2 protein chains.
Amino acid sequence: MSNLTKDGTIYLPTSPSIASYAAAVGKKEGEGPLANCFDYIAEDVTLGENSWEKSESKLQQYAFTNALSKGNFSESDIDFLFAGDLLNQCVASAYGSRDTSIPFFGLFGACSTMAESLSLASIFVDSGTAVNAAAVTSSHFCSAERQFRLPVNYGGQRTPTAQWTATAAGCAIVSPHGAPPYVKAVTVGKIKDMGVTDANNMGAAMATAAYDTISRHLANTEQSVDDFDLILTGDLGQVGSDILVELFQKDNVDISGKHNDCGLMLYDLKSQDVHAGGSGCGCSASVLCGHILPEIAKGNLKNVLFAATGALMSPTIVQQGESIPGISHAVHISAE
Amino acid sequence: MSNLTKDGTIYLPTSPSIASYAAAVGKKEGEGPLANCFDYIAEDVTLGENSWEKSESKLQQYAFTNALSKGNFSESDIDFLFAGDLLNQCVASAYGSRDTSIPFFGLFGACSTMAESLSLASIFVDSGTAVNAAAVTSSHFCSAERQFRLPVNYGGQRTPTAQWTATAAGCAIVSPHGAPPYVKAVTVGKIKDMGVTDANNMGAAMATAAYDTISRHLANTEQSVDDFDLILTGDLGQVGSDILVELFQKDNVDISGKHNDCGLMLYDLKSQDVHAGGSGCGCSASVLCGHILPEIAKGNLKNVLFAATGALMSPTIVQQGESIPGISHAVHISAE
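Let me begin by describing the structure that accompanies this report.

Here is what the cut-offs are and how they apply
- Residues numbered from 1 in each chain as written.
- Chains lettered and ligands numbered in written order.
- Predicted model: local features only at pLDDT ≥ 70, side-chain atom pairs only at ≥ 80, totals over all residues.
- Heavy atoms only, no water.
- Helix = DSSP H or I, 4+ residues; strand = E, 2+ residues; numbered from the N terminus.
- Rg over C-alpha atoms; globule rule 2.2 N^0.38 Å.
- Buried < 20%, exposed > 50% of the residue type's maximum accessible area, 1.4 Å probe, protein only.
- Contact = heavy atoms within 4.5 Å.
- Areas by Shrake-Rupley, 256 points an atom, 1.4 Å probe, with all protein chains shown as cover.
- Lys, Arg positive; Asp, Glu negative; His and termini not counted.
- Charge placed at Lys NZ, Arg CZ, Asp CG, Glu CD.
- Buried area = accessible area lost by both parts, 1.4 Å probe.
- Salt bridge = Lys/Arg side-chain N within 4 Å of Asp/Glu carboxyl O.
- Polar contact = N/O pair within 3.5 Å; in protein donor to acceptor, adjacent residues only side chain to side chain.
- Axes fitted to C-alpha atoms, helices over the stretch in contact; angles between N-to-C directions.
- Parallel < 35°, antiparallel > 145°, perpendicular 65-115°, else oblique.
- Left-handed = near helix turned anticlockwise from the far one by under 90°.
- Nonpolar A, V, L, I, M, F, W, Y, C, P; charged D, E, K, R; others polar.
- Least-squares fit on C-alpha atoms with pLDDT ≥ 70 in both.

For chain A, the count of helices and strands is nine helices and 15 strands. Rg of the C-alpha trace for chain A: 18 Å, near the compact-globule value of 20 Å for 336 residues, within the 12% margin. C-alpha atoms of chain A, sized along the principal axes, occupy 50 × 50 × 35 Å. Here chain A holds 336 residues, and the buried ones make up 66% of them. Long-range contacts, defined as pairs at least 24 residues apart, comprise 78% of the intrachain contacts of chain A with a sequence gap of at least 6. As displayed, chain A has an accessible area near 10,600 Å², and 48% of this comes from carbon and sulfur atoms. Side-chain charges of chain A comprise 19 positive and 35 negative groups, with the mean position of each set lying 1 Å from the other.

What follows covers the interface of chain A and chain B. Listed per partner, the contact involves 62 residues of chain A and 62 residues of chain B. Here chain A and chain B share an interface that buries about 4,800 Å² over both sides, 61% of which is from carbon and sulfur atoms. Of all residues in chain A, Q89, Y95 and I191 of chain A give up the largest surface area on contact with chain B, accounting jointly for 15% of the area buried on that side. Connecting chain A to chain B are six salt bridges. The salt bridge involving D193 of chain B is made with R98 of chain A; its shortest N-O contact spans 2.4 Å. Between chain A and chain B we count 28 residue pairs in polar contact (both at pLDDT 80 or more) in total. Breaking the side of chain A that touches chain B down by element, the ones donating at least two residues are α1 (52-70), α2 (91-97), β6 (104-107), α3 (113-126), α4 (141-148), α9 (315-319) and β15 (326-334) of chain A.

Quick look at the packing of α3 of chain A against helix α3 (residues 113-126) of chain B now. Axis separation between α3 of chain A and α3 of chain B bottoms out at 11 Å; the angle between their running directions is 45°. Regarding the angle of α3 of chain A to α3 of chain B, the classification is oblique. Crossing angle aside, the handedness with which α3 of chain A passes α3 of chain B is left-handed. Residues L120, I123 and F124 of chain A of α3 of chain A form the contact with α3 of chain B, whose participating residues are L120, I123 and F124 of chain B. A class-by-class count of the residues in the contact of α3 of chain A with α3 of chain B yields six nonpolar, no polar and no charged.

Turning next to the packing of helix α5 (residues 202-221) of chain B against helix α6 (residues 237-249) of chain B. Residue and element names in this part refer to chain B. The geometry of α5 relative to α6 is characterised by a closest axis approach of 8 Å and an angle of 40° between their N-to-C directions. Accordingly, the angle class assigned to the pair α5 and α6 is oblique. The crossing of α5 and α6 is right-handed. Contact with α5, carried on its side by G203, A204, A207, T208, A210, Y211, I214 and S215, involves G240, I243, L244, L247 and F248 of α6 and no other residues of that element. Among the residues forming the contact of α5 with α6, the class breakdown is nine nonpolar, four polar and no charged.

Now for the relation of the copies chain A and chain B. Superposing chain A onto chain B takes a rotation of 180° combined with a translation of 0.0 Å along the rotation axis, leaving an RMSD of 0.0 Å. With respect to symmetry, the two chain copies, as superposed, fit the operation of a two-fold axis. It is L107 of chain A whose C-alpha, among those of chain A, lies nearest the rotation axis, at 2.0 Å.

Written out as structure tokens, the structure reads:
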């Protein structure tokens, strides 16, 4: 076996390098606390396109092409592309990548897609199946809100637990050799359903999945919270983050000093009116690729457990009264 | 390197076994020419559920649990589950698998999902990342037609090029050792867009993708059409199959004697009123897992190139006037 697998945790003995990464975001995200981190900030929400779906595809293209050029890669260097997004039939990824000629794996992990795609790219490079593999994902406030909740122009009041879907994309390119960050291990998520039926409370629906995956990662790798500088969830927001901390408290584990959430980092919650925080595939993707990976590369962070979280629901099935399953995939990213 | 990769083709030197497989289908599919092949045939289209989405999830569960029991596997034997479907946010897979506790990779490959999931499961087993991995997918006529085209109860006239979305699911479990069928190699699809804008002509939109993937597979592996008993596309139907044969004719390659299409095999096209043939993730999944894999296991087929095909479109983006990109993933399955 080239990798050692235990209850969903896959060790990557070659510790592949995340050789390049980039983030492209919308105007609002470019006005937030991480404004200086991004490779591209759109001037307006359309990106010059005549549909929101195409705007989102373009954002994903920008993240990908920036990651290519920052790493001195050409398109033909990339053996496989792992991509997905929130839109029906993942069209932001399909249309974002249709002008490439790269063998393509379409994924659906909802907002966990950055971790799912980065996991698969890392596994492929570690096992020698790929030399270089790219992971890319995106979300767009307008395309997502129209699809999932209310028509944007309806102007309905958002609930306090609601999160703001990020207009953002991120791309990471994994290679066998290179500078840090390195991927040490991944833990693949299991589907967890705690009976949440409120599509405006995604954080609560996903917190149990994050708890399960982080707990399994620590148990399977015989590590503790102390082995990490940062345990970074995807987009639990304020509500889900509080639940996550409580779930660990029941195990007598205090993660509060080590935990942060991309949904709490991308925006200034008070001044930017995003209620419980950011969400969307692009939220964790842009925070990871724009902010966290550079911090690891600089050595400011040594070990990060990146546990992106996704709510695996559709409006149809929520309207039918079904509860919302969550999933979380975790990637241990290290400076060493 | 544990695998050798060339332009999307991945050799699997250990030739993992498809150790178990099962297919579950709807009533209409159970009245077609392959009726005797299926492990489960539903008595009606609801499967006793109160929504079509849940009916589809149940069909996927039946395929999975039948594959488990036929192979004497328990759920805990499966290291990873690769699953996807056509529904918005792939809910048939998420809700179909939420009662399991298996690490889960969500995929979106439209109707190519059986080949995408089987490829990833085989790569994971070949590289030692998994011992046993399962690939599962489904489609359901009612959930798909409501979502993609017309409300079913509208009763609109279907065009001659239209295909019938199969109510069907298939599951394959890949293991390192065992009896045939064996997976020898896979070729990962590239996104191909030939400018087709008619959502009732999926076959034409996907034929070029199938041509690209099959051609690449033959070139990369230095094989010819003669090396295969069967080149089996997913759901090109009659229109797409004719285009595929013509595309190869331009290369002076005659595949007509070796080619068949799951969409042409699942139904009796004339008596079952399915117009250009079957489609949907479950079409190629049920034909592969119900009919083709048993034929390979018996030695009646020696080498099959299974090239499932998907149209990566959403109703939203087609209504916006965009053309429909296609993708095809190919898996070489052998009796030896």
